[in-house]
Every structure is written in C-alpha cells, then in structure tokens.
Amino acid sequence: MMMFIILLGVCASCSNDQSEVPTISVNADSEYENTFTDLNLGNIFDFNFYLPDADQRSVTLWVEKYEDGEKDDKPLIELSYYDSPNKVEEGNVGFGMIESDTEDTIAHLYSPGANVQRSIILGEEKTGTTWDYAIGDDEVELKLGEIKLLAGYRETNRNALHTMDLQDEEVVNRMIEQSDLVLLLKVKVEESSESAR
C-alpha cells in the first residue's frame, strides 16, 4: 500500500511538471494554411503553441534575414510579449508571407496574446524558392532561455534547389552561405525577470 502511494505521488509530480513546459508543434493542414493555399496568397508556417505560466513568462518570436550570406543587424520582423493576464496562453503562432501585386512581399508574424506584426520584403527577380519547417511532426518542448529554430525560407538565382535538414546547424549555415536570401523563424521563451534576447 505504501509503495502504491509513493508511485502515485511520483506520477502526479511528473504530470504537473509536464503541464509546466511550453510546447510547440507544426499545425499541418490548419485553417490558416488552407486559406493561404486556396487563395494562392504565398507561404505560411503555422504552429500550435502552448505556454503555461504565461503570466510569469516572456515570449519573443522573430525572423532573421540573411542576404548573400550576411545577417541583417535587426530582425526582419519581431514580436515580443510578457506577463500575460492569463495563466495559460494557447493558440496559433506563425509567420506568413503574402505576395503583392507590386512584387514586394508582406511578412506577417502572429501569436496568441500579441498584436500581429508586419514588414515588407522588397521583391527581386529569382528563379527558385524553397521553404520548410525545422521541427518534425511531433510536439517539441521549448526549454526556457533557449532559442529554437522553427522554419526556414530561401531564395536563389540558381536553377537547382535541394531540400535541407534544418535541424542540422551545419546544413543551415551552408544554406545561408549558398543562398541569395534566407529567412529563419525563431522563438525564445524566458522567465519574465530574465533579460531579453
């Protein structure tokens, strides 16, 4: 009987720990993705995001921009929020690129608990583009204070484009060096008292 009580306590503790971990997963075939596809708007990376203790944590979601292998000093677009009035924030997180008639692209960054942010990517002639998620189909835990790469987009004037493993840092660095434009979507969750990225 005593052993049963101990095991029950341990399992309850594990369960509580799990609910305290922020998680993110690819939201395949989401309403957002289907809308972008149906209307031929452009590209979108959509995720399910779960943030426990949202009233005590900060979230930064941003897109790094690399042109000809060089990283821009500032993110292309960035969204930050902290100390939510809600204990838990849950919903869609993502990055969309809407192609306009002027050949420029309008970038959108969105997350629960924050206003949508927009930026413009200047249009240029290109022969090839590719984009992919950097995380698999399974739910991923977000460790506090660590930066997580979520997705990547690239443009090149070369004719051949190959799929790349965005979970491999060396492959990502090679992609940056070999492409005309690379956009990397990243996220970081911290305790609110910690310093910003």
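Residues numbered from 1 in each chain as written. Predicted model: local features only at pLDDT ≥ 70, side-chain atom pairs only at ≥ 80, totals over all residues. Heavy atoms only, no water.

Looking at the layout of surface pockets
Considering only enclosed or pocket space, the largest pocket measures out at about 330 Å³ in volume. Only β11 (147-156), α3 (169-178) and β12 (181-191) provide two or more residues apiece to the lining of the largest pocket. Here the lining of the largest pocket is built from residues that sort into 10 nonpolar, 3 polar and 4 charged. (1 Å grid on protein atoms, 1.4 Å probe; cavity = no way out; pocket = protein on both sides within 12 Å on 5 of 7 lines; lining within 4 Å. Points joined across faces, edges and corners; volume = space filled by probe spheres on them. Helix = DSSP H or I, 4+ residues; strand = E, 2+ residues; numbered from the N terminus. Nonpolar A, V, L, I, M, F, W, Y, C, P; charged D, E, K, R; others polar.)

Observations regarding the environment of aspartate 104
The topology assignment puts aspartate 104 in the loop between β6 (89-99) and β7 (105-110). Given a relative accessible area of 22%, aspartate 104 falls into the partly exposed group. For aspartate 104 and isoleucine 120, which are 16 residues apart along the polypeptide, the C-alpha to C-alpha distance reads 6.7 Å. (Buried < 20%, exposed > 50% of the residue type's maximum accessible area, 1.4 Å probe, protein only.)

Examining the pattern of salt bridges
For the structure on display, the rule yields 7 salt bridges. Of the charged contacts, one joins lysine 87 and aspartate 53 as a salt bridge, the two residues approaching to 2.9 Å between their closest N and O atoms. Here aspartate 53 lies in the loop between β2 (42-51) and β3 (57-67) and lysine 87 lies in the loop between β5 (77-82) and β6, a separation of 34 residues in the sequence. Across the pair lysine 65 and glutamate 67 runs a salt bridge whose closest N-O atoms are separated by 3.8 Å. For lysine 65, a relative accessible area of 13% translates into the label buried. Salt bridges linked by common partners bring Asp53, Arg57, Lys87 and Glu191 together as one network. (Salt bridge = Lys/Arg side-chain N within 4 Å of Asp/Glu carboxyl O.)

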